[in-house]
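# What the coordinates show
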Amino acid sequence: MLRSPDSPNSEVDTILRNKRTRFKWLPRLAAVVLGVAALAISPLGTQAFGISEKTLTPIYRHWIHQEVNYIITRAERNEFLALKTDDERDKFIERFWELRNPSPGAPANSYKEDIYKRIEYANDHFSTNGSNDGWDTDMGRIYITLGPPQQKGRYVTQAEVRGMEIWFYSMGNPALPPNFNIVFYEKDFGDFRLYSPYIDGPQKLISSHYMENGRVEAVKQIDKILGREVARTTLSLIPGEPVNLNDANSTLQSDLMLGTIKDLANHPFNIEALNLKRAMKESVSHRVVLQGEFLNVLTVPLRDRHGISRLNYVLRLNSASDFAVAKDDNRYYISLEVATHVFTADHKPLFQRDRKIARYLTKDELDEVKGKPFGYEDWLPLAPGKYKVEFALNNLLGETSYTAEREIVMPRVPAEGFELTEVIPFSDVEQIDPAVSAVVPFSSGGVKFTPYAGKELALVPGQDLKVFYQIWSVPTASANNAGKKLLADYAYGRPGITGTAKSIHDEAAKEQFDESGSMISGKKLSTLDLEPGNYRMALTLTDPETREKRFGSLAFHVVTDSGSQLDAWDIYDDKLVDYVNKGEADYDFGVTCLAQDDKPAATEALQEALKKNPKNDLARARLVDVYFSQQAYDRVIELYSQPALTPSTDDQTIISLSDSFDKTGNTKKAADIVESAIVLKPQSGPLYLALASYYTRLGNAQKAGELERKGKSLLVTPPPSL
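So, here's what we can say about the structure. Model, not experiment: these values are computed from the prediction.

Tracing the backbone shows Ser401 in strand β13 (residues 400-410). A polar contact of 2.5 Å, which involves the side chain of Ser401, links it to the side chain of Asn394.

If you want it as C-alpha cells, here you go:
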C-alpha cells in the first residue's frame, strides 16, 4: 500500500516516483521499496565492506541493500559506494543489469525480471509480522539466490519435531553439487531458520526431551516420525553422500555448500564469468544486436579418431556486406569475437568459450574473399545427450552482434551395428595435413569440408549436389573388417511426381573405419538433367551381413535463375591446437560427461586434462569430487601428492582431501593440511570447523573448542571486503 505524503517515508515515495521509469522496476516492487526496512542498514552493508551506506539517498541505499544484496560482488559493491553522483550510480545500475543480461542488448532482461519476481515472492511469502522483510529471512535469501526449488516438503504438524521445510534443487551451477537439499526449521512460530547438519545437528530439530539425549537419539526420533529419507537429509544435504544413522555424524560437505550459497556472488566461477562478459562488452562502445534470420547456423556431431564426440558448427552471415573489414597503414584486417554458451537441455549452464580473433589480410587475400559471405567454424566437445547452445558472432569493426540458439542432440555410439549422422551439403573439399586434421572443424582423416549453411539449398541445373556424413560403429580391429563393406543407395527426385526419381548405388569399405570406429563418406550427385522444382534426396545405408539399415535425407531445389551462394569465406580459431594440447577441451568434455551422469567417461576426460596440464586446478577439483563421491580416498590423496594448496584451491577440495587422509587413518596429516590451508584462507569458517573435528579425534579438546568457536563465528559473520 502506498503511504500518504505526510508519512515518515514520504521522501522515499517522492524519489521512487522520479526514478521508477529509469530503473524499470516491476509494479509490485513499489510496495517492497516503501517498507520501513528500506531505511535500515544491515551489518552486511556497513561492517563487511568498510564503506557506509548512510551517505546514499534512500533509493540507492535500497537498491544495494535489498534488491541486489545477494547477487552483487564485493568489488561491485565497493565501486558503487565510492561513486559521487546519482548519474554515475544510474549508469552503474544500468551496466550491472546489462552485464548479467542473457541476451545482451535485447529490450528485455530476463535475469533482472526474474530477480525482482523472486524478491516479490519472498516478501509475499516469507515476511514476519507483516513487516515486508521476506527478502531478509533465511528462506528469502535462498529463494532470491537460487530461485524456486524443484520440489518442496513441508512437515509442520508433528508433536515432537519442530516444523520443517525441505527444498530440493537440481542445478547446473559449477560451484554447487548437481543435486542438493536445503532444510529450514521452525525456531519460533512461523520463524523458519536455515539448518546446518554439522553446526546445528538433528537435535536442533527436536522439541521434546529427546533433544537432550544427543544426535543419535534425535535422528532416531526423526527417522521414526518423518521417515528414513528425512532422517538422512538432516545428516547430509547432498543426496548420495554416505551417512550412518547409528552414529549420526555429519561431514562438513553440507556446510561448505551452504557457505558457497551464502557468498555465491563472490565465488570464483561467478567472478570469472562476469569478467569474461565485461571484457567482451568493453571491447566496443556499442553494438547492434541482430537475431535469427541474419545468422545461419549449421551443426553436425562428428567423432575424432579418439572417439570423442564433437559438435562441429559454422556461423555464416547471409551476405558479404554483413561483415566489415578495416584498413590500417595500408593493411587490411578483421576483428571479431565469438561467444558460445553450452547449457543442459533444461538450460543449466555447463561451460562457455569466448574467443577474440584479429587478423591481417593481404590485398590478394582480400580480393579472393571479396563478395563471399563470412563464416566462422569451430567445434565443442559434448558428451552424448541433449543440450542448448547459444551462439554470438560479434563484428567489432561493424559494432554488430549476430546471435542464435540451437537445441542439440549428441547421439550415442551404438553398442552394436552402426549409426549415421545427418547428411550435410558442402561446397568444397580439400586435403589438409593429417597432423592438424584432429583439430580443424569439419575434417576427418586429412579431408576438410566447407559445409553449406543457409536457409534453403538451391542449385542450377548442372551444379552438382555434394554431401557428406559420418558413420559411427563399434571399434573393431582393421583385420576383422578386411573385405567387408557397407552398401549406400542414393535416391533423389521430386516428391509426388512420378518418373523423376534417380538412384545411384555405392559402397564403403569397412576397412576405412578408424580406430574409434568412425568413417567419413559422401557423394557427388549430378543435377544436369533435373527440371526446376523441389527435390528430396534419400540415403539408405545397409550392412549386407546383418541386413541392418540406417537412413538419411536432404531437401534441395533446382532453379533456373540464380542458385544459393555456395562460395564462402570461412575462418576458424588458430588456437584450437592449444585448446586441445592444454587439456581445456578434455576438461569441457568432462564437465558435459558429469552433466549426463557418465562418471567413467568424465573421470577419463578429467584425468587427461590434468595429464596435459598438471596446474589445471579446476580439473583436479572436479576429479576430487568424483573420487570422493565414490569413496576412493586413496585416489584423492594421490591427486595432491605433488601440487601444493594455493589461495585459489576451494574449501570443498581442501576438506575432501583432508577427509580422505582422515578416513584412511591419518588424522594428523588431515589436520596438517587444513592448518596449512588456513594460513592461505584465514577467513574460512568450514576450514576451522574441519580442523576442530580433527583435533577432537586427536584428543586435544581445548584446541578443538577454540577452533570450533572461531569457525562458527566466521560462518555467522560476513567475510571482510576484498
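We are not done yet, so read on.
In this section: helix α10 (residues 228-235). All of the buried residues in α10 are Val230, Ala231, Thr233, Thr234 and Leu235. Packing partners of the buried residues in α10 comprise β1 (151-155), β2 (164-170), β3 (179-188) and α9 (214-226).

Okay, the pattern of salt bridges next. By the definition in use, this model includes 32 salt bridges. We note a salt bridge from Arg118 to Asp114, for which the minimum N-O separation is 2.8 Å. Remark: Asp114 and Arg118 occur in helix α7 (residues 110-126); sequence separation between them is four residues, near one turn of the helix. Ionic pairing is found between Arg620 and Asp617, a salt bridge with its closest N-O pair at 3.1 Å. Of the two residues, Arg620 and Asp617 are both situated in helix α18 (residues 617-629); the distance of three residues between them amounts to about one turn of the helix. Given a relative accessible area of 4%, Arg620 falls into the buried group. Here Asp617 falls in the partly exposed class, since its relative accessible area comes to 30%.

To continue, consider the nonpolar core. Grouped burial of nonpolar side chains is what soluble globular proteins tend to show. Formed by 85 residues in total, the largest nonpolar core has its most connected members in Leu336, Phe374 and Leu393. Residue contributions to this core peak at eight residues, all from helix α22 (residues 685-697). Once residues within four sequence positions are removed from consideration, Phe374 is found in contact with Leu315, Arg316, Leu317, Phe323, Ile334, Leu336, Leu393, Trp569, Asp570 and Ile571. With 61 residues, the next largest nonpolar core counts Ile72, Phe192, Val243 and Leu264 among its residues.

Read across the sheet, five strands follow the order β18-β24-β23-β20-β21 without closing on themselves; strand pairing throughout is mixed. Sheet topology places β18 (458-459) and β21 (502-509) at the edges, where each strand pairs with a single neighbour. Bridge count between strand β20 (residues 485-493) and strand β23 (residues 533-542): seven bridges; the pairing is antiparallel. Looking across to β23, one finds that Ala488 is bridged to Leu541.

Here the focus is the packing of helix α16 (residues 584-595) against helix α17 (residues 599-612). Between α16 and α17, the shortest axis-to-axis distance is 8 Å and the interhelical angle comes to 160°. Between α16 and α17, the angle falls in the class roughly antiparallel. For the pair α16 and α17, the sense of crossing is left-handed. Across from Asp586, Tyr587, Phe589, Gly590, Cys593 and Leu594 in α16, the residues of α17 making contact are Lys599, Ala601, Ala602, Ala605, Leu606, Glu608, Ala609 and Lys612.

Before going further, it helps to examine the sheet that holds strand β6 (residues 295-303). Across the sheet, four strands lie side by side as β6-β7-β11-β25; this open sheet has mixed pairing. Whereas interior strands pair on both sides, the edge strands pair on one side only; in this sheet they are β6 and β25 (569-572). Pairs of neighbouring strands in the sheet enclose a mean axial angle of 25°, with direction left out of account. Here β6 pairs with strand β7 (residues 309-317) via nine bridges, running antiparallel. Counted as the bridge partner of Asn296 is Arg316 from β7. Where α16 meets the sheet, it contacts β7 and β11 (374-381), and its direction lies at approximately 65° from that of β11.

On to the pairing of strand β12 (residues 385-395), then. With nine of its eleven residues buried, β12 lies for the most part within the structure. In the sheet, strand β9 (residues 331-344) pairs with β12 via nine bridges, with the strands oriented antiparallel. Along β12, the bridge assignment pairs Ala339 with Ala392. The sheet contact formed by β12 and β13 spans eleven bridges and is antiparallel. Residue pairing across strands places Lys386 opposite Val409, the latter belonging to β13. Here β12 hands over to β13 after four residues, with Glu399 in that stretch at a positive phi of 50°.

What counts, and where the lines are drawn
- Residues numbered from 1 in each chain as written.
- Predicted model: local features only at pLDDT ≥ 70, side-chain atom pairs only at ≥ 80, totals over all residues.
- Heavy atoms only, no water.
- Helix = DSSP H or I, 4+ residues; strand = E, 2+ residues; numbered from the N terminus.
- Polar contact = N/O pair within 3.5 Å; in protein donor to acceptor, adjacent residues only side chain to side chain.
- Buried < 20%, exposed > 50% of the residue type's maximum accessible area, 1.4 Å probe, protein only.
- Contact = heavy atoms within 4.5 Å.
- Salt bridge = Lys/Arg side-chain N within 4 Å of Asp/Glu carboxyl O.
- Core = buried A, V, L, I, M, F, W, Y, C linked by side-chain atoms within 4.5 Å.
- Pairing = 2+ DSSP bridges.
- Axes fitted to C-alpha atoms, helices over the stretch in contact; angles between N-to-C directions.
- Parallel < 35°, antiparallel > 145°, perpendicular 65-115°, else oblique.
- Left-handed = near helix turned anticlockwise from the far one by under 90°.

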